[in-house]
Amino acid sequence: MCSIIGYSGKKDAAPILVRSLEKMEYRGYDSVGLAIKNDSLINVKKDIGKVSEVKHSLNLDKMPGKIGIGHTRWATHGEVSKKNAHPHYSNSGNIAIAHNGIIENFQQLKNELELDGFKFESDTDTEVLVNLIQKNFDETANIKETISKTISKLQGHYTFVVIFEDGTLAAARFHEPLIIGVEKNSYYISSDVLGFIEKTDDAIYIDNENFVIINDHNLDIFDFKGNSIKPNITKVSKEFADVYKGDYAHFTLKEISEQPKTVLQAGNDTQIKEISEMISKAQDLYITGSGTSYNAARISKFLFSNFAKVKIEPIISSELPFSPDSIEENSTLMTISQSGESADVLDAVRIAKESNSKILSIINHPNSSLSQESDLVINLNCGPEIGVAATKSFTSQLVILYKITNKMCNECMNLDLDKASQSISTILKDDSKIKKLANDFKEISDIYVLGRGIHFPIAKEAALKLKELTYIHAEAIPAGELKHGPLALMDSNVYVIIINPNDSTYQDTLNSANEIKTRGAKIIGVSNQNNEVYDFWIEIPVIDETLYPLIEIVPIQLLAYYAALAKNTDPDYPRNLAKSVTVE
Ligand code: G6P
């Protein structure tokens, strides 16, 4: 969701900023813009559309100047339009801003500024913010004081970067990511390491409630109280520099294909031991996440209770503030998040902390906001995931949950992850049948995915992948619930995917498949064993039955990907979706 980038250095800023915005496209956006200082003027160009489109239509990358800011916007306040796109000028035209997040008290600030004579052209909270900055700058003529005074008035979650007419860049972070890339004589201010990783792997992760001022190649960091903070330069991990599609047509396919490797990299033994001990001691244990990460969270309930006899309550993050299972005092909240930046998850953590809970997190981005809020973090180590639809992060999340369970039950599981990795390779190797089947999805409007027990969260994840990538209505149904309603929907226009490996759920789920078949629906069986009820059989290798959930999602990721191609949708950037949803 929204990306900000700033550059201050000796090179032309515009091509650098455009390239950075292209690298961060995966976060999701609807409009693009740059503000560049040239001589004593700040020039702004912006429009709705893809970075490549706006680059060509407005010659974005040809704007002159060595200092500038850029933004891709994902509409929150106000429609998708040129006037609402960032950067926004202040009334004087001497200051411009790009902003992520939401200023909750923008209306009140706007009213106050209007009384002072400020005028507004857009519907955004951002334009209010830049004019508040202008007002404070007019009063103080000092950039540090201006930023301090401004942030003291703001409510909400935000990161912003401002360019002043003397070429100073200032940026502040409040619950939205902000990272500085450091190169000789140049600084990059970014929402994401991908914004500068092609240029430098030296980075300063700005702490929450800090702001930075960059002027004449000097960088100063302050906390919100105005105290000076020493910059701490770290190296961005190598894996996060690996952001190229290589020979793959799409990031999504690349990421699906990396799973034989990534399932072997998830978590390390020390982290697993530590978290298992903390969970075993926990009084009340909850687990939360959004989207795919929540589907992984649901799997923990089956694993923990079946093998480790540990009770855990999954609560979807966006529902946690309204959940009747409110977090008890001194509980333990596990969180799962690929990005570590999902606003709903961070809000759930805030609530849990109010009741003095410990926070144990499973995260892919090691320096994310969530890791800073956590007592203990386990890394997915699966490298950057660019495709909006989560794939490899899901299987890595499952591996960590398996490993924790196995540790808690004193290695009671037959956890042969090498075998799981080989099985995923086998599925990936022969995808010709899946490709062929995906072609049929061009015409259909409804798919149902059935699973029982531990396979139901996998059915949910399968339906989510199909929705995200193909825009087909896809719904997961617990197989046993068919006759309580969904059977009414079954006819010859419908496709039903049955997640049905040969384990304790097998026969019951097969019976459900037969009930559907008699209503004329087409049945796709995902199983290690064929059956005449299946119109299409997607074969998965035989493996210890505890590991089927880990491998059975892979063919459906492929099916969703190829169906997206057949339907001519963009699998990497599905419409209306953002990779990292940083607003509630
Ligand atoms: C968004 C993405 C989903 C993702 C969810 C949770 O909705 O589109 O693909 O599963 O956020 O993201 P997280 O980074 O917290 O795992």
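Computed from a predicted structure; not experimentally measured. (Residues numbered from 1 in each chain as written. Predicted model: local features only at pLDDT ≥ 70, side-chain atom pairs only at ≥ 80, totals over all residues. Heavy atoms only, no water.)

### A few points about the pairing of strand 18 (residues 332–337)
It is a general feature of regular strands that their side chains alternate between the two faces of the sheet. Burial analysis of strand 18 places six of its six residues in the buried class, the great majority of the element. Because side chains alternate across strand 18, one face comprises the buried residues Thr-332, Met-334 and Ile-336, and the other comprises Leu-333, Thr-335 and Ser-337, equally buried. When strand 16 (residues 285–289) meets strand 18, the two strands line up parallel, connected through four bridges. Bridge pairing links Tyr-286 to Leu-333 in strand 18. Crossover handedness for the path strand 18 to helix 10 (residues 343–354) to strand 19 (residues 358–363): right-handed. (Buried < 20%, exposed > 50% of the residue type's maximum accessible area, 1.4 Å probe, protein only. Helix = DSSP H or I, 4+ residues; strand = E, 2+ residues; numbered from the N terminus. Pairing = 2+ DSSP bridges. Right-handed = clockwise from strand over helix to strand, strands pointing away.)

### Quick notes on the packing of helix 9 (residues 291–308) against helix 15 (residues 455–470)
Contact geometry for helix 9 and helix 15: axes closest at 8 Å, N-to-C directions at 170°. One element, helix 9, and the other, helix 15, form an angle in the roughly antiparallel class. Two secondary-structure elements touch here, helix 9 through Gly-291, Thr-292, Asn-295, Arg-298, Ile-299 and Phe-302 and helix 15 through Phe-456, Pro-457, Ile-458, Lys-460, Glu-461, Leu-464 and Lys-465. Residue composition of the contact of helix 9 with helix 15, by class: six nonpolar, three polar and four charged. (Axes fitted to C-alpha atoms, helices over the stretch in contact; angles between N-to-C directions. Parallel < 35°, antiparallel > 145°, perpendicular 65-115°, else oblique. Contact = heavy atoms within 4.5 Å. Nonpolar A, V, L, I, M, F, W, Y, C, P; charged D, E, K, R; others polar.)

### Some points on the sheet that holds strand 18
Whether parallel or antiparallel, the strands of a sheet pair through hydrogen bonds between backbone atoms. Taken in spatial order, the five strands line up as 17-16-18-19-20 in an open sheet, and their pairing is parallel. The sheet terminates laterally at strand 17 (313–316) and strand 20 (376–379), the two strands that pair on one side only. Direction aside, neighbouring strands of the sheet carry axes that sit 20° apart on average. Relative to strand 17, strand 16 is paired through four bridges, and the arrangement is parallel.

### Some points on the state of the cysteines
Per the stated rule, a full pass over the model turns up one disulfide. The partner cysteine of Cys-409 in its disulfide is Cys-412, sulfur to sulfur 2.1 Å. Because the torsion about its S-S bond is -90°, the bridge between Cys-409 and Cys-412 counts as left-handed. Given the relative accessible area of 11%, Cys-409 is considered buried. When its relative accessible area of 41% is taken as the criterion, Cys-412 is described as partly exposed. (Disulfide = S-S within 2.5 Å.)

### Topic: the nonpolar core
Core analysis: the largest hydrophobic core is formed by 84 residues, its most contacted members being Ile-279, Phe-304, Met-334, Ile-404 and Phe-441. Take this core: its biggest share by element is 13 residues, from helix 17 (residues 548–566). Beyond its immediate stretch of four places on either side in the chain, Ile-404 contacts Ile-272, Ile-275, Ser-276, Ile-279, Phe-304, Met-334, Ile-362 and Ile-378. Core analysis: the second largest hydrophobic core is formed by 29 residues, Val-18, Met-24, Tyr-205 and Val-236 among them. (Core = buried A, V, L, I, M, F, W, Y, C linked by side-chain atoms within 4.5 Å.)

### Thoughts on the pairing of strand 1 (residues 3–8)
Taken across its six residues, strand 1 has six buried, putting it largely inside the fold. Of the two faces of strand 1, the one lined by Ser-3, Ile-5 and Tyr-7 and the one lined by Ile-4, Gly-6 and Ser-8 are each fully buried. Pairing analysis gives six bridges linking strand 1 to strand 4 (residues 67–73), with the strands arranged antiparallel. When the sheet's bridge partners are listed, Ser-8 is paired in strand 4 with Ile-67. Bridge count for strand 1 against strand 10 (residues 186–190) is four bridges, and the pairing is antiparallel. Along strand 10, the bridge assignment pairs Ile-5 with Ser-190.

### Considerations on the packing of helix 9 against helix 12 (residues 392–408)
Here helix 9 crosses helix 12 at 20°, and the two axes come no closer than 9 Å. By the angle between their directions, the pair helix 9 and helix 12 is classed as roughly parallel. Along this stretch, helix 9 crosses helix 12, giving a crossing that reads as right-handed. Judged by residue contacts, Thr-292, Ser-293, Asn-295, Ala-296, Ile-299, Ser-300, Leu-303, Phe-304, Phe-307 and Ala-308 of helix 9 engage Phe-394, Gln-397, Leu-398, Leu-401, Tyr-402, Ile-404, Thr-405 and Met-408 from helix 12. (Left-handed = near helix turned anticlockwise from the far one by under 90°.)

### With respect to the sheet that holds strand 25 (residues 536–539)
The parallel open sheet is built from five strands, whose spatial order is 22-21-23-24-25. Only two strands of the sheet have a single neighbouring strand rather than two, namely strand 22 (473–478) and strand 25. Within this sheet the neighbouring strands show an average axis-to-axis angle of 20°, counted without direction. By the bridge criterion, four bridges tie strand 21 (residues 446–451) to strand 23 (residues 495–499) in an arrangement that is parallel. When the bridges of strand 23 are listed, Val-449 appears paired with Ile-497. Sheet contacts for helix 14 (residues 432–440): strand 23, strand 24 (522–527) and strand 25; angle to strand 25, the most-contacted strand, approximately 140°. Each of strand 23, strand 24 and strand 25 touches helix 17; the most contacted strand, strand 23, lies at about 155° to it.

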